[in-house]
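A structural walkthrough
Chain by chain, the residues run as shown.
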Amino acid sequence: MLSAEQNELITQTGAGTPAGRLMRCYWQPAALVDELSGNRPVKPVRLLGESLVIFRDRQGRYGLLARACPHRGTDLAFGRLEQAGLRCSFHGWLFDVTGQCLETPAEPPESGMCVNIRQQAYPVVERSGILFAYMGGGEPPAFPHLDCFGAPATHTFAFKGMIDCNWLQSLEVGIDPAHTSFLHRFFHDEEPEQGYGKLFRDRSIDSDIPHAFTIPMSSDMTITQWHVPIDDKKHYWYAIFTSFGAPVNKDEMRRQRLALYELPDYIPRKNKTNDYGFDPHEQEHETFTGMGADINVHDQWACESMGAIADRSKEHLGQSDKAISAYRRLLRAAIDAAGNGGKPLMVLDGGAAARITGPAAIDGIGPSEGWQDYWRRTDAARRAASGWAAGVTRSA
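First, a word on scope: everything that follows refers to the structure included in this document. Just so it is clear, the model here is predicted, and its values are computed rather than measured. Each chain carries its own residue numbering, running from 1 in the direction its sequence is written. Per-residue local features are limited, in this predicted model, to residues with pLDDT of at least 70; the limit for side-chain atom pairs, both in listing and counting, is 80 or more; totals at the level of whole chains, interfaces and linings are taken over all residues. The side-chain quantities take in all heavy atoms of the structure and omit both hydrogens and water.

**Regarding the environment of G366**
Spelled out, the test is: Helix and strand assignments come from DSSP, with helices taken as H or I runs of at least 4 residues and strands as E runs of at least 2, each series counted from the N terminus. Relative accessibility thresholds used throughout: buried, under 20% of the residue-type maximum; exposed, over 50%; partly exposed, between the two (1.4 Å probe, protein chains only).
Checked against the element boundaries, G366 lands in the loop between β18 (357-358) and α11 (371-385). By relative accessible area, which is 38% here, G366 ends up partly exposed. Linking G366 and T378, residues 12 residues apart in sequence, is a C-alpha distance of 9.4 Å.

**Quick look at the packing of aromatic side chains**
Any pair of aromatic rings gets described here by the distance separating the centres and the angle formed by the planes. Formally: Two rings from Phe, Tyr or Trp (for Trp, the six-membered ring) form a pair when their centres sit within 6.5 Å of each other. Planes less than 30 degrees apart are called stacked, planes more than 60 degrees apart edge-to-face, and all others tilted. For a ring to carry a charge above it, either NZ of a lysine or CZ of an arginine must fall within 6 Å of the ring centroid while also lying within 35 degrees of the normal to the ring plane.
Taken as a whole and assessed by the stated rule, the structure comprises 15 aromatic pairs. Connected via pairs of aromatic rings, a cluster forms that spans W27, F132, Y134, F143, F149 and W226. Positioned above the aromatic ring of F143, the side-chain terminus of R127 is 4.6 Å from the ring centre. Above the face of the Y236 ring, K160 is positioned so that its terminal group lies 4.0 Å from the ring centre.

**Digging into the packing of helix α4 (residues 167-174) against helix α9 (residues 322-339)**
What counts, and what does not: Angles here are taken between N-to-C directions and fall from 0 to 180 degrees, while the axes themselves are lines fitted to C-alpha atoms, restricted in helices to the stretch in contact. Comment on the angle field: the value is read as roughly parallel under 35 degrees, roughly antiparallel over 145, roughly perpendicular from 65 to 115, and oblique elsewhere. Should the near helix be turned anticlockwise from the far one by less than a right angle, the crossing is left-handed, and should it be turned clockwise, the crossing is right-handed. By the convention used here, residues are in contact when the closest approach between their heavy atoms is within 4.5 Å. As a working rule, the residues Ala, Val, Leu, Ile, Met, Phe, Trp, Tyr, Cys and Pro are called nonpolar, Asp, Glu, Lys and Arg charged, and the rest polar, with Gly in that last group.
Running from N to C, α4 and α9 cross one another at 135°; their axes reach a closest spacing of 10 Å. Between α4 and α9, the angle falls in the class oblique. For the pair α4 and α9, the crossing hand works out as right-handed. Contacts between α4 and α9 pair W167, L168, L171 and E172 from the former with I324, Y327, R328 and L331 from the latter. A class-by-class count of the residues in the contact of α4 with α9 yields 6 nonpolar, no polar and 2 charged.

If you want it as structure tokens, here you go:
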């Protein structure tokens, strides 16, 4: 268990907080590319407790600005998109993607006022269907050469969903090895051939055993996932699905997920207001939870039912919680490093980023002895058979 002070340290991520400084050492998912695909590519976002607006100008450049106009505080999310940037609808002040004010129309031309006006802005880059923002100081880190970033666009699909609680609760569920045998248990399962795009509905490599819960998602698809604070009491999960086999059927993947999430904010249709679709008959006969077949709903319930910010001073961790305890120690050490001018883990330069490859994410039925060699051989064979990954090595 943690003290209240220790719990605050690892859960609060606003500007100026210790964990917030750590979060700002990394590129963070800010939006899906899909969210800016319409006729007006402007969207308000909340990220790490900051109110922002993300947009694509008419030159195709992405920008992320503080949402309140520096003139009188009006909402730039209602601004007008132009060739050079985003223009405030109140008095016409124009800002480019760097935050530089380009025009202040009501001021005398000779005043030069706009030269000295710069809105808070953060750099944005696109990677595999996600728009990442860097909200820290100094030079941003390089992206590691992970499979999800190296695969061609035809072989990746990105999505997200909102969860109504602190980010750390979802991350800790993701590294909890014991919960899958219960929370995600199905008493009956469909044939894997009919389960394309659904989580963990494939056969394991070298077997005919269907999945109940495993990572990767299937024998030829992996999931890379982030848990990104909106603020301290809400967050998004972002995921990149990466296929080593056939190109991803993006339309089908999107259709399946939009049946469960409501646009424009990707709010789950099953949530605490409707008891997550809980059905006692289903719980008795079909699934362990009675909350349907989508495991994101199961995880969402588990995370949200702990409260907006879990009270870790009342926990009783056991042997199966070693990964959670280890991660909390790692997180506190990284917070200390960021606060003391050190370099936290995975803040990479170009050379170091090139050495972080893969990772090897294998689900297979291998021998009880020599399993280390088994996963290496299996990973190499899958990469050799993949059109895009054949020449990509993976880090151990």
